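# Per-entry structural report
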Amino acid sequence: MDQVIEEERELHEEVLQSDVNKALSDINLKESLQEEDRQTILIVEDNPDMQEFIRKNLILGYNVLLANDGIEGIKLLEKEEIDLIISDIMMPNMDGIEFCNKVKNSLLWNHIPLIMLTAKTNIASKIEALETGADAYIEKPFSISFLSVQIRNCLLYTSPSPR
């Protein structure tokens, strides 16, 4: 009698473990599908703390890629499908204005919304960035809520990227 009870318990544990494994597999599948369906944001910023702050605040809703300057940003654009770019202006190697100019003059990337996020607050910098093709200009320090609304609006009111 004890052996029958033990066998039933083992069978019950196997069924339970199988159900748990299937549930975990389903959850992992949903998460991976959700990540594939998410839009991708490229952050071009030379300050690692700022990169991490923005990434941390966007990662739940978007796929986020990081570049330390405009040159790295171009390399990522060549390899990845990007839906929106957030770029600093003052960076080494290739600054945000030159980067924006390259993006907005490229037939492959000119449809991608680009938000300038920078400490430069003078009107001449704002005008230069917008004339170069930036879709929005946000001054640091900034509100993450304000940035999130700008991102949402830029993605909502632009045509989907040709994939």
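Bear in mind that the values here come from a model prediction, so they are computed numbers and not experimental data.

### Thoughts on the packing of aromatic side chains
One pass over the full model with this rule turns up one aromatic pair. Arranged with centres 6.0 Å apart and planes meeting at 65°, the rings of Phe53 and Phe142 form a pair that is edge-to-face. Here Phe142 lies in the loop between β5 (136-139) and α6 (144-156) and Phe53 lies in helix α2 (residues 48-58), a separation of 89 residues in the sequence. With relative accessibility at 34%, the residue Phe53 sits in the partly exposed group. On the basis of relative accessibility, which here comes to 15%, the residue Phe142 falls in the buried class.

### A few points about the packing of α2 against α6
Two elements in contact, α2 and α6, have axes whose closest approach is 11 Å; the angle formed by their N-to-C orientations is 65°. Between α2 and α6 lies a crossing whose hand is right-handed. Residue-level contacts link Phe53, Ile54, Asn57 and Leu58 of α2 to Ile144, Leu147, Ser148 and Ile151 of α6. Along the lines of polarity and charge, the residues of the contact of α2 with α6 split into six nonpolar, two polar and no charged.

### Considerations on unusual backbone geometry
In the segment running from Lys140 into Pro141, the intervening peptide bond is cis, with an omega of -5°. Take Pro141: it is sitting in the loop between β5 and α6. Residue Asn93 is not a glycine yet carries a positive backbone phi of 70°.

Definitions and limits used
- Residues numbered from 1 in each chain as written.
- Predicted model: local features only at pLDDT ≥ 70, side-chain atom pairs only at ≥ 80, totals over all residues.
- Heavy atoms only, no water.
- Phe/Tyr/Trp six-rings, centres within 6.5 Å; stacked < 30°, edge-to-face > 60°.
- Helix = DSSP H or I, 4+ residues; strand = E, 2+ residues; numbered from the N terminus.
- Buried < 20%, exposed > 50% of the residue type's maximum accessible area, 1.4 Å probe, protein only.
- Axes fitted to C-alpha atoms, helices over the stretch in contact; angles between N-to-C directions.
- Left-handed = near helix turned anticlockwise from the far one by under 90°.
- Contact = heavy atoms within 4.5 Å.
- Nonpolar A, V, L, I, M, F, W, Y, C, P; charged D, E, K, R; others polar.

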